[in-house]
Amino acid sequence: MKPTNSVLSGLPTTVFTVMSALAAEHNALNLGQGFSDDNGPDDVRAKAAEAMEKSNQYPPMMGLAELRKAVAANGKRFFNVDVDWTEVMVTSGGTESLAACLLGLIEPGDEVIVFEPFYDSYLPMIRRAGGIPKIVRLMPPLWELPREDLAAAFSPKTKLMILNTPMNPCSKVFRRDELDFIADLAQKNDIYVICDEVYDHLVYDGQRHVSLITLPGMRERCLRLGSAGKTFSLTGWKVGYVSACPALLGPVSKAHQFLTFTTPPNLQWAVAYGLEKDDAYFYGYRDSLQRRRDMLARGLSDIGFKVLPSQGTIFVTADFADFGFKGDDVAFCHDMTVKAGVTAIPVSAFYEGKGPDHFVRFAFCKKESYLEAALERLAKYYKR
Ligand code: PMP
Ligand code: GLN
């Protein structure tokens, strides 16, 4: 038998699937994979149901104009992102946006700078597109941007960078001075930046999300990604979008037309409606997540975890070094799932090679009663 693709054949199944399956097998409360235990906003779901009665054939390849307009308007309203609606393309989730950007922009041999820890699709998709990842490592507990390492990662072959802010899994929100530093390097080295901003609406404590595309000189270099899955807690819908100038969106749309071509039209209609909701929806959802973050963080600290600050996203990272557990974060998450009945994701899964080994990521996008039940189980097991 001839070998199958060398990048993809050897890959393990994603950690999110592995941990969710382990949680199900052991009836554990799942604070691993980032999804909610509710159904998303009633009115947005009702719009999807209504649209299903009349809109079931191929929508336009670039997405419904109504949704593209809503994405552009929402970006302008909340983040001062100035893009024309024709510069927006709808994709099947942020994951497809990422794949389309990488396939559309990378030439074999191009170098791509990525910050570690990273969302797990980044490296395989860079490599499958023929790119060479250049990894810049951020480490807990501070997750500071290592400026010298970043500057040193550039070479004449650098084509692209992926910047994820707010950042999964470490919940870092890049500060304006860090973004200025990145923008300056991007311009000096003449590169493009895929701005993975799927958690843009989920920034806490009065801090603001700043999109790199709004910085001087970055408008023609950035591709900004978003996801209705995160903004409306409808992760299964897989409605995403990418905004970029025509010179960048053109090749990305050529990848998209052969990856998925389109995204279900009823979901597009509903997300267009959702993105036009009042400010109160977006701030209300954010504030409710902030309360749940605080509740989970307080509970985990009481149990003995050292909880790191979570500035954004739906995740909180906790250090279990004080537990005296003999084993790494993978073993810890396995033990916690099987014996305590609560699942989290080992942070080392977001690193290539040896990463930090005593941090775990908990998702707090669950009902308060669910978080309470999880904390009770953890207290019972760890406070013996
Ligand atoms: N980027 C990051 C950083 C993520 O955490 C996720 C999570 N799912 C995605 C992209 C993909 O988003 P989607 O579910 O819309 O494909
Ligand atoms: N982004 C989600 C998380 O980090 C999971 C995405 C997935 O399961 N593919 O938990």
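What you are looking at is a predicted structure, and each value in this text was computed from that prediction instead of being measured.

Participant: What should I look at first to understand the site of ligand 2 in this one?
Facilitator: Lining the immediate environment of ligand 2, one finds Phe 16, Gln 33, Gly 34, Tyr 119, Asn 168, Tyr 199, Lys 230, Phe 315 and Arg 361. A distance of 2.7 Å is found between an oxygen atom of ligand 2 and a backbone nitrogen or oxygen belonging to Gly 34. Tyr 119 places a polar side-chain atom, nitrogen or oxygen, 3.4 Å from a nitrogen atom of ligand 2. Considered on its own, ligand 2 offers 300 Å² of accessible surface; in the complex 83% of this is hidden by protein. Here ligand 2 is seated within the largest pocket.

Participant: What am I meant to see in the layout of surface pockets here?
Facilitator: Rolling a probe over the atoms, with the probe sized like a water molecule, indicates the empty space that remains. Counted as a void, the largest pocket has a volume near 1,000 Å³. Lining the largest pocket are 41 residues, with Thr 14, Phe 16, Tyr 119, Asp 120 and Ser 121 positioned closest to its centre. Going through the elements one at a time, helix H1 (6-9), helix H2 (15-25), helix H5 (93-105), helix H6 (122-128) and helix H9 (228-231) are the ones with two or more residues in the lining of the largest pocket. Examining the composition of the lining of the largest pocket, we find that five residues originate from one element, H5, more than from any other.

Participant: Is there a simple way to explain the packing of helix H13 (residues 329-340) against helix H14 (residues 368-382) in this structure?
Facilitator: The relative placement of two packed helices comes down to the angle between their axes together with the axis-to-axis distance. Interhelical geometry of H13 versus H14 gives an angle of 100° and a closest axis separation of 10 Å. By the angle between their directions, the pair H13 and H14 is classed as roughly perpendicular. Here H13 contributes Phe 332, Asp 335, Met 336, Lys 339 and Ala 340 to the contact with H14, which in turn contributes Arg 377, Leu 378, Tyr 381 and Tyr 382.

Participant: Any chance you could explain the pairing of strand E10 (residues 315-319) here in plain terms?
Facilitator: Side chains on a regular strand alternate between the two faces of the sheet. Within E10, five of the five residues are buried, which leaves it mostly tucked inside the rest of the structure. Burial along E10 is two-sided: the face carrying Phe 315, Thr 317 and Asp 319 and the face carrying Val 316 and Ala 318 are both buried. The sheet contact formed by strand E9 (residues 306-307) and E10 spans two bridges and is antiparallel. Its bridge partner being in E10, Lys 306 is matched across the sheet by Asp 319.

Participant: What's the story with the site of ligand 1 in this structure? I'm lost.
Facilitator: All residues adjacent to ligand 1 are Gly 93, Gly 94, Thr 95, Tyr 119, Asn 164, Asn 168, Asp 196, Val 198, Tyr 199, Ser 227, Lys 230 and Lys 238. Contact between ligand 1 and Ser 227: an oxygen atom at 2.7 Å from a side-chain N or O atom of the residue. The protein chains hide 93% of the 380 Å² of surface that ligand 1 would expose on its own. Spatially, ligand 1 is embedded in the largest pocket.

Participant: Can you walk me through the nonpolar core in this structure?
Facilitator: Side chains that are nonpolar tend, in soluble globular proteins, to be buried together. Counting 100 residues, the largest nonpolar core has Phe 115, Leu 150, Val 193, Leu 212, Phe 305, Met 336 and Phe 362 as its most contacted members. Broken down by element, this core gets its largest block of residues, eight residues, from helix H12 (residues 279-303). Once residues lying within four places of it in the same chain are set aside, the contact partners of Phe 305 are Leu 300, Ala 318, Asp 319, Phe 320, Phe 323, Phe 332, Met 336, Val 360 and Phe 362. Within the second largest apolar cluster, 28 residues are counted, among which are Phe 118, Leu 160, Leu 225 and Val 252.

Participant: Please explain the side chain of Glu 178 as it appears in this structure.
Facilitator: Note on placement: Glu 178 falls in helix H8 (residues 176-188). In contact with Glu 178, other than residues within four places in its own chain, are Glu 144, Leu 145, Arg 147, Lys 172 and Val 173.

Participant: Is there a simple way to think about the side chain of Ser 36 in this case?
Facilitator: For Ser 36, the position within the fold is in the loop between strand E1 (29-30) and helix H3 (42-52). Ser 36 gets classed as buried once you look at its relative accessible area, which sits at 15%. For Ser 36, the side chain forms a polar contact with the main-chain oxygen of Cys 365, separated by 3.4 Å. Contacts of Ser 36, omitting those with residues within four sequence positions, involve Ser 233, Cys 365 and Lys 366.

Participant: Can you walk me through unusual backbone geometry in this structure?
Facilitator: Excluding glycine, residues mostly have negative phi values, and the peptide bonds linking residues are mostly trans. Note the cis peptide between Pro 140 and Pro 141, where omega equals 5°. Residue position: Pro 141 is located in the loop between strand E4 (132-137) and helix H7 (147-153). Across the junction of Thr 165 and Pro 166, the peptide omega takes the value -15°, indicating a cis bond. Its place among the elements puts Pro 166 in the loop between strand E5 (158-164) and H8. The phi torsion at Trp 143 lies on the positive side, around 55°, for a residue other than glycine. Of note, Trp 143 is situated in the loop between E4 and H7.

Definitions and limits used
- Residues numbered from 1 in each chain as written.
- Chains lettered and ligands numbered in written order.
- Predicted model: local features only at pLDDT ≥ 70, side-chain atom pairs only at ≥ 80, totals over all residues.
- Heavy atoms only, no water.
- Near = heavy atom within 4 Å.
- Polar contact = N/O pair within 3.5 Å; in protein donor to acceptor, adjacent residues only side chain to side chain.
- Areas by Shrake-Rupley, 256 points an atom, 1.4 Å probe, with all protein chains shown as cover.
- 1 Å grid on protein atoms, 1.4 Å probe; cavity = no way out; pocket = protein on both sides within 12 Å on 5 of 7 lines; lining within 4 Å.
- Sits in = over half its atoms within 2 Å of the grid points.
- Points joined across faces, edges and corners; volume = space filled by probe spheres on them.
- Helix = DSSP H or I, 4+ residues; strand = E, 2+ residues; numbered from the N terminus.
- Axes fitted to C-alpha atoms, helices over the stretch in contact; angles between N-to-C directions.
- Parallel < 35°, antiparallel > 145°, perpendicular 65-115°, else oblique.
- Contact = heavy atoms within 4.5 Å.
- Buried < 20%, exposed > 50% of the residue type's maximum accessible area, 1.4 Å probe, protein only.
- Pairing = 2+ DSSP bridges.
- Core = buried A, V, L, I, M, F, W, Y, C linked by side-chain atoms within 4.5 Å.

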